[in-house]
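Geometric and topological summary
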Amino acid sequence: MAQAQLPLDTPLSLPEHPKAWKWYDYFTFNVDHKVIGIQYLVTAFIFYLIGGLMAVAMRTELATADSDFLDPNLYNAFLTNHGTIMIFLWVVPAAIGGFGNYLVPLMIGARDMAFPRLNALAFWLNPPAGALLLASFLFGGAQAGWTSYPPLSTMTATTAQSMWILAIILVGTSSILGSVNFIVTIWKMKVPSMRWNQLPLFCWAMLATSLLALVSTPVLAAGLILLLFDINFGTSFYKPDAGGNVVIYQHLFWFYSHPAVYLMILPIFGIMSEVIPVHARKPIFGYQAIAYSSLAICCVGLFVWVHHMFTSGTPPWMRMFFTISTLIVAVPTGVKIFSWVATLWGGKIRLNSAMLFAIGLMSMFVLGGLSGVTLGTAPVDIHVHDTYYVVAHFHYVLFGGSVFGLYAGIYHWFPKMTGRLLDERLGILHFVLTLIGTNLTFLPMHELGLKGMPRRVAMYDPQFEPVNLICTIGAFVLAFSIIPFLINIIWSWNKGKIAGDNPWGGLTLEWTTSSPPLIENWEVLPVVTKGPYDYGIERRQESTDEDHDEEE
Amino acid sequence: MEQIPASIWTLTAGVVVTLISFWVGHHHGLLPEQASEQAPLVDNFFDIMLTIGTALFLVVQGAIILFVIRYRRRAGEEGDGLPVEGNLPLEAFWTAIPALIVIFLGIYSVDIFQRMGGLNPGDHAMHSMHAPKSGMAVVAQAPSKTTSDATALLAAAQPPEIGIGASPDVQGKAPDLVVDVAGMQYAWIFTYPDSGIVSGELHIPVGKDVQLNLSARDVIHSFWVPQFRLKQDAIPGVPTELRFKATKVGTYPVVCAELCGGYHGAMRTQVIVHTPEDFETWRRQNQGIATAPVIPSLRDRHIHEMGVTAELVAQVEAIAHDPSPEKL
Ligand code: HEM
Ligand SMILES: [Cu+2]
Ligand SMILES: [Cu+2]
């Protein structure tokens, strides 16, 4: 198990012994996994703000039934880029690139990722991708939605559409490089004293995520390259009047993009499995069930993509097969939720911001998951496909299930990353506003969809106006909810209370190093002596001798 | 002493949750009017899922709230909670219950889908009657230069194998009425092959077995009537169908549900479900000539608001005003 030493042999071009990073280190091709993690997080958050502004503009347009605020083509450009940015430049990079890079080496007792330079390269593919998307507005903006189905995508705003494709190929490449790195790092570099069943659940989730990304991303890239050829080089893979087939694109696209929702959600589930036991002061309930359910989700998740195509060019047998496989994914997902809820039972729950966001995620995700089950069945999906019911569902999953988890992670690991605590009062205000805003925005959308409002429209039937107005008000609440968070981050990073190495009393390895961690993470590599979630176990053993309390 | 009240509480909670769930499942009022044979099937299934879903939601949500309140750390409290790491019977239980629920829902949904006609698109009897006729009409259009006509040609030349087909009670029978439906940016054109009527609105008789043959001239559109609970994409180059019986006289919206360009949201028209007598009257009045009530407004909307080319509008109008194939 000499692999744990591997990064030591790699000559790192780093300054001798700085206590902390300087601001400009974050703008360089730095190879330290912690710098890269923060680079990912901050960049992703900036994109979140940009994508959020687009969402607010869209909701403003939708406050009334007519198209009176944005030009309809600009609306579609916002729609496309909002979805693309939120998925490919916010949730995925923040969860996988940000938390994954920052935490995986620390959690397994490694000094860095297996391939530090590759890691930096993977990050630096992201900013140009974002720049391409934003620059595409100069050419009218890609119009065809984040799914970019041909023939619409081959007919409208072709320059912007090509830029969109290149941007996605860049982030796709980044995610393939990142995945290889995670798999090798987790496989080869955990400290020898850590057994597989002591691997933190976040790392299990990252392993499953990376395997899934490796299998699915190349298919998307292939599909998009063919699309690029159709647009620019006169091929006709997807052109029906020249022998192509538009439905092939949908299969290629969803073969990646359905798993992509698990790429977003699995690392977040990993974050949940770390945050909950620490703040509930309990061992995670069903460690193995959670670890294996990640792998199960990743396997079954590869066989459900056609549920996005029930109303499209899908033969009947496929509709049935994919109804059943889709419903089956609900089982491992449910197992995770139940395990977290059971972890709360009998705990000593600290209701701080990190925990509130984690609990908020559980509630919101249950609703998003249940509406997902209804969408998975062909008969109901045929009615609500491509309506606001779907928009409600995926925002519950993506906002409630991803963004809440990212916030939980930020409140939880900010002290490790910066050495300072976030302010709790601002954190709780942020949580309350976010919770109200999310439900106000997305809950009424279920009704809109069921009653007959299609999605991706800039103008709609006036009967839906009152409900849309509620959604728009909710969107403004959500927009304002960011303010306490931003103030908190900026203020606390400079002036917040000093955190100490282990403010939460966590047992995973990242809490054994200083906050922020040294350049190579530890002076002496840690030795694993107990499980990552052994809360309360020591007390039970020692309570006979004396009153022991491992809290700081 | 402890045990008895706890189980009574659980029982009461169980009863309350069940009652609320059934109430929600039957009184949610979230779905629009039912106007097709398929609608009640879909709605019943949705109601069942909503009932189960409400129960699960209340149980999980209730547990979360209960635990958070009961096990929150009180001021000055130190130390850790009970170190319970797992419980095999409990885990087996909550894996098995959802698994059973989804297997039940899966089987049930196949049954519903079968009764909706989802398993029989391209049912044979109607093709021998219909396909050649519509095929001929479209072949006559082929000389037109635009590529979109070629896709319409392709679409109509082969029988649809995708969509919602004959429901079990009409399987193997020809439909009472066939309408060719073409989607284009941003209008639906309805052609009645047996009477030569071309219209911007869909007129159908109530209680009759209607088949729509869907095609698309430019991009993908999606034909949706919320009150029918039916939706099917119109895909360039891939013929699709919707077969249904409207059950209620009235006027319902036809919505395009697939992003088809800037004015996707404006791609709306209506379906008018007539009594059989009214439908006959409508048909007699419009036989041979094309009524296209939506076309004048289309012209205004397209040219003045939507920035669509004048050629395209001319093309639509040519089809609308002069459906006879020779003149195209
Ligand atoms: C700030 C809160 C947000 C608001 C107000 C908002 C609003 C919207 C609106 C109005 C649409 C258009 C829906 C449609 O017609 O299909 C939309 C689409 C979408 N949103 Fe959001 N959204 C928000 C946050 C998010 C987040 C956090 C994510 C993902 C992590 C996300 C992912 C998407 C996606 C994937 C689409 C579909 C885009 C497409 O169809 O091309 N949104 N959002
Ligand atoms: Cu359309
Ligand atoms: Cu449309």
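Data block above holds the structure.
Quick look at the structure, then. Quick caveat, the model's predicted, so the values are computed rather than measured.

So, on to the coordination of the copper ion (ligand 2). All names here are of chain B. At this site the copper ion (ligand 2) is bound by His221 (ND1), Cys256 (SG), Cys260 (SG) and Met267 (SD), with donor distances of 2.0 to 2.4 Å. For the copper ion (ligand 2), the 4 donor atoms in the first shell make angles of 96 to 130° at the metal, a pattern classed as tetrahedral. Accessibility expressed as a relative area gives 1% for Cys256, which makes it buried.

Take the interface of chain A and chain B next. The partner chain B presents 84 residues to the 94 residues of chain A that form the contact. Buried area between chain A and chain B, summed over both chains or domains, comes out near 7400 Å², and the portion from carbon and sulfur atoms is 70%. Counting across the interface, chain A meets chain B through 1 salt bridge. A salt bridge links B:Asp80 to A:Arg281, with the shortest nitrogen-to-oxygen separation between them at 2.9 Å. For the pair chain A and chain B, the number of links is 19 residue pairs in polar contact (both at pLDDT 80 or more). In terms of residue count, helix α11 (residues 316-344) of chain A provides more of the side of chain A that touches chain B than any other element does, 15 residues in total. Here the residues of the side of chain A that touches chain B are counted per class, giving 52 nonpolar, 24 polar and 18 charged.

To continue, consider the coordination of the iron atom of ligand 1. Residues and elements named next belong to chain A. In this structure, His82 (NE2) and His395 (NE2) serve as the protein donors to the iron atom of ligand 1, at separations of 2.0 Å. Given 6 donor atoms and angles of 87 to 180° at the metal, the environment of the iron atom of ligand 1 is assigned as octahedral. Here His82 is found in helix α3 (residues 72-108), whereas its partner His395 is found in helix α14 (residues 388-418), with 313 residues between them in sequence. We note that His82, like His395, is buried.

This part covers the packing of aromatic side chains. Inspection of the entire model under this criterion finds 50 aromatic pairs over all chains. On the numbers, 6.2 Å between centres and 50° between planes, the contact of A:Tyr287 with A:Tyr533 is tilted. Of the two residues, A:Tyr287 is situated in helix α10 (residues 287-300) and A:Tyr533 in the loop between α16 (465-495) and α17 (537-542); the sequence distance between them amounts to 246 residues. You can call A:Tyr533 buried: its relative accessible area is 4%. Both rings, one in B:Phe104 and one in B:Tyr108, keep their centres 5.8 Å apart while their planes meet at 20°; by these two values the pair is stacked. Residue B:Phe104 and its partner B:Tyr108 are located together in helix α3 (residues 88-116), separated by 4 residues, close to a single helical turn. The partly exposed category is assigned to B:Phe104, whose relative accessible area is 43%. Lying over the aromatic face of B:Trp224, B:Lys231 brings its terminal NZ or CZ to 4.3 Å of the ring centre.

Turning to its location among the elements, A:Gly145 is positioned in the loop between α5 (126-135) and α6 (152-155). Spatially, the C-alpha atoms of A:Gly145 and A:Leu103 are 33 Å apart, while their sequence positions differ by 42 residues. Excluding residues that lie within four positions of it along the chain, A:Gly145 makes contacts with A:Thr80, A:Trp164, A:Arg456 and B:Leu259.

With that settled, consider unusual backbone geometry. In this structure, A:Pro151 follows A:Pro150 across a cis peptide bond, with omega equal to 0°. When you line up the elements, A:Pro151 lands in the loop between α5 and α6. The step from B:Gln185 to B:Tyr186 runs through a cis peptide bond, and the omega angle for that step is -5°. Position of B:Tyr186 among the secondary structure elements: in the loop between β2 (177-184) and β3 (187-192). The residue A:Ala157 is not glycine, and still its phi comes out positive at about 35°. Along the chain, A:Ala157 falls in the loop between α6 and α7 (158-189). In this structure, A:Arg456 takes a positive phi of about 60° despite not being glycine. Assignment of secondary structure puts A:Arg456 in the loop between α15 (424-451) and α16.

Glancing now at the sheet that holds β3(B). Residues and elements named next belong to chain B. A sheet is described by the order of its strands in space; here 6 strands give the open sequence β1-β9-β6-β2-β3-β4, paired in mixed fashion. Two strands bound the open sheet, and with one partner strand each, they are β1 (162-164) and β4 (197-199). Each neighbouring strand pair of the sheet contributes to a mean axis angle of 20°, computed without reference to strand direction. Relative to strand β6 (residues 209-216), β2 is paired through 7 bridges, and the arrangement is parallel. If you follow Val181 over to β6, its bridge partner there is Leu214.

Before going further, it helps to spend a moment on the site of ligand 1. Residue and element names in this part refer to chain A. Around ligand 1, 23 residues are found, and the nearest of them are His82, Trp146, His395, Arg455 and Arg456. Here a nitrogen atom of ligand 1 and a side-chain polar atom of His395 are 2.8 Å apart. At the level of secondary structure, the elements contributing two or more residues to the shell around ligand 1 comprise α2 (33-61), α3, α14 and α16. Ranked by residue count, the leading element in the shell around ligand 1 is α14, at 7 residues. Residues belonging to the shell around ligand 1 are distributed by class as follows: 16 nonpolar, 4 polar and 3 charged.

All names here are of chain B. Pairing in this open sheet of 5 strands is mixed, and the strands run β5-β11-β10-β7-β8 from one edge to the other. The open sheet has two free edges, formed respectively by β5 (202-205) and β8 (230-234), since each of these has just one partner strand. Mean inter-strand twist for the sheet, computed between neighbouring axes without regard to direction, equals 25°. As paired elements, strand β7 (residues 221-225) and strand β10 (residues 250-256) share 2 bridges and run antiparallel to each other. By the bridge assignment, Trp224 is partnered in β10 with Val255.

Turning our attention to helix α9 (residues 246-280) of chain A. All names here are of chain A. Taking 1.5 Å as the rise per residue, α9 with 35 residues should run 51 Å; its terminal C-alpha atoms sit 51 Å apart, in good agreement. At Trp254, α9 shows its maximal bend, which comes to roughly 30°. The buried count for α9 comes to 30 of 35 residues, which makes it a mostly enclosed element. In the segment just after α9, Arg281 is the residue with positive phi, at about 55°.

In this section: the packing of α3(A) against α5(A). Residue and element names in this part refer to chain A. In the contact formed by α3 and α5, the axes pass within 11 Å of each other and the chain directions differ by 170°. Taken together, the axis directions place α3 and α5 in an arrangement best described as roughly antiparallel. Two secondary-structure elements touch here, α3 through Asn81, Thr84, Ile85, Phe88, Leu89 and Pro93 and α5 through Asn126, Gly130, Leu133 and Leu134. Broken down by class, the residue content of the contact of α3 with α5 amounts to 6 nonpolar, 4 polar and no charged.

Cut-off values and rules
- Residues numbered from 1 in each chain as written.
- Chains lettered and ligands numbered in written order.
- Predicted model: local features only at pLDDT ≥ 70, side-chain atom pairs only at ≥ 80, totals over all residues.
- Heavy atoms only, no water.
- Donors = N, O, S within 2.8 Å, 3.2 Å for Na, K, Ca; no water.
- Tetrahedral: all angles 85-135°; square planar, octahedral: opposite > 155°, others 65-115°.
- Buried < 20%, exposed > 50% of the residue type's maximum accessible area, 1.4 Å probe, protein only.
- Contact = heavy atoms within 4.5 Å.
- Buried area = accessible area lost by both parts, 1.4 Å probe.
- Salt bridge = Lys/Arg side-chain N within 4 Å of Asp/Glu carboxyl O.
- Polar contact = N/O pair within 3.5 Å; in protein donor to acceptor, adjacent residues only side chain to side chain.
- Helix = DSSP H or I, 4+ residues; strand = E, 2+ residues; numbered from the N terminus.
- Nonpolar A, V, L, I, M, F, W, Y, C, P; charged D, E, K, R; others polar.
- Phe/Tyr/Trp six-rings, centres within 6.5 Å; stacked < 30°, edge-to-face > 60°.
- Lys NZ or Arg CZ within 6 Å of the ring centre and 35° of its normal.
- Pairing = 2+ DSSP bridges.
- Axes fitted to C-alpha atoms, helices over the stretch in contact; angles between N-to-C directions.
- Near = heavy atom within 4 Å.
- Expected span 1.5 Å × (residues − 1).
- Bend = angle between axes of the 7 residues up to and from the residue.
- Parallel < 35°, antiparallel > 145°, perpendicular 65-115°, else oblique.

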